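A structural walkthrough
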Amino acid sequence: MKKIFMPADILLPSDKSNMKVWSVVACDQYTSDKNYWERVEKTVGENPSTLKITLPEIYLEEKDLPERIEKVNSTMKTYIENGTFETLKNSYIYTERTLSNGKTRKGLIGIVDLEAYDFSKDSTSPIRATEGTVLERIPPRVKIRENAPIELPHIMILIDDPEKTVIEPIAKTSPEKIYDFDLMENGGHIKGYKIRGESDIAAQINLSLDKLCEDDICEKKYGIKDVAPLPFAMGDGNHSLATAKTCWEKIKNSNPDSPARYALVEIVNLHDESLEFEAIHRNVFDIDPKRLFSSMKEYFDCNISSFPFKKQKGRQYFTYLTKDGDIFVEIINPSHNLAVGSVQKFLDEYLKEEGKIDYIHGEDVVRKNLSETAVGFLFDTMSKDELFPTVIKDGALPRKTFSMGHAEDKRYYLEARKIK
């Protein structure tokens, strides 16, 4: 298989004396918390910062959006021209991110070939979306990227490497440390190490990745025959990668050698101990609970109980919550590989007639929202081992199937790369 993940010419601040101010959290976090971003602005002040060359999504609906985008792009050009950046030629960056819970997430930064990525639901490309891509979210991001001279990633891509052959051995090679600092706003701590693209450890990384890309890897790992290998599954930042793909498709015929063919990302092992999947539950509002329940029973062939089922492997279960009590459901004829997918398919149809949905972290919040016209759906957390085979079998999962970590643990902007 052609190389998909490679070293890159990576930009970092040439002055590393104030990295805490330089690095800010991904733009798609705290989208309802203006106070967060106002605090960040105050912390940054007049200093060079990734805040000034990214656009927090909380501002996407502001009337001055075009002016904000122009300011971002002009600041990028200024940073390039005034020596704000230095370039790490042909390099990977190995990262160790200490999270808010004290665990350390290990990652590897490089570029992926966008020709190997297709975000459509039924994609068989080597890089695939794990959740449905909301096409309406792409055009505003295209407006930001299409004239930008550089990119900054908050994209995290997962590899399924249970034997820990790609990323984990790097720490034992004593690589050259290039940054080491605390992140702002309870973001924890991050260390970065340079891996030269021509080094022996880079050669070992590439060899290990090649093994994850073998044509028969899905049969070996999951017992699924005659399917395209899935070496790279999106973890976070799918809409950002989809934006990069959209921009590349627009220019590739006229400018086939553009660096915009590639996108800077961080790969993380699905089996990294720090990675924890959390279930995302549902509340449905403005409905008649009895009518919804009756429709659900017609839609599913299911077993109903007032007591929890003794769960069996391979079966699908969820809990239907109402103001008057809990109902336990086993789906007999699932339409999806996961219970949350089967239920979401039903809800998508039902909500065309009445009601609205919200996606909720935490059972306590779901229960607080129950009323005469609001119900809840509780799901078990998806096992990490289910992610890759489910995407292979069913394509991209329904939106809001699972969550990886809290907002402060998401990727912070730090590295950059020229795309023009």
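You'll find the structure just up there.
Nothing here was measured: the structure is a model prediction, and the numbers come from that model. (Residues numbered from 1 in each chain as written. Predicted model: local features only at pLDDT ≥ 70, side-chain atom pairs only at ≥ 80, totals over all residues. Heavy atoms only, no water.)

**Quick notes on the pattern of salt bridges**
Considering all chains together, one arrives at 31 salt bridges under this definition. Its salt-bridge partner being Lys-34, residue Glu-62 comes within 3.2 Å of it at the nearest N-O pair. Placement of Glu-62 in the loop between α2 (34-44) and α3 (65-81) and of Lys-34 in helix α2 is noted, with a sequence separation of 28 residues between them. Look at Glu-62 and you get partly exposed, because its relative accessible area is 29%. Two residues, Arg-291 and Glu-354, come together in a salt bridge whose shortest N-O distance is 2.9 Å. One end of the pair, Arg-291, is in helix α8 (residues 289-299); the other, Glu-354, is in the loop between α9 (339-350) and β18 (356-360), with 63 residues separating them in the sequence. Given a relative accessible area of 17%, Glu-354 falls into the buried group. Several salt bridges share partner residues, and in doing so they unite Glu-115, Lys-245, Glu-249 and Lys-252 into one network. (Salt bridge = Lys/Arg side-chain N within 4 Å of Asp/Glu carboxyl O. Helix = DSSP H or I, 4+ residues; strand = E, 2+ residues; numbered from the N terminus. Buried < 20%, exposed > 50% of the residue type's maximum accessible area, 1.4 Å probe, protein only.)

**Points about the state of the cysteines**
Working definition of a disulfide: a covalent bond connecting the sulfur atoms of two cysteines. Evaluated as defined, the whole model comprises zero disulfides. Free cysteine: Cys-213, not disulfide-bonded; nearest cysteine sulfur from Cys-218 at 11 Å. (Disulfide = S-S within 2.5 Å.)

**Some details on the sheet that holds β18**
What the six strands build is an open sheet, ordered β15-β17-β16-β19-β14-β18; its pairing is antiparallel. With one partner strand each, in any of the chains shown, β15 (302-305) and β18 form the two edges of the open sheet. Direction aside, the axes of adjacent strands within the sheet are offset by 25 degrees on average. Relative to strand β17 (residues 325-331), strand β16 (residues 316-322) is paired through seven bridges, and the arrangement is antiparallel. Residue Gln-316 lies in a different strand from β17, and its bridge partner there is Ile-331. Relative to β16, α8 is tilted by about 165 degrees, and along the sheet it contacts β14 (281-285), β15, β16, β17 and β19 (374-378). (Pairing = 2+ DSSP bridges. Axes fitted to C-alpha atoms, helices over the stretch in contact; angles between N-to-C directions. Contact = heavy atoms within 4.5 Å.)

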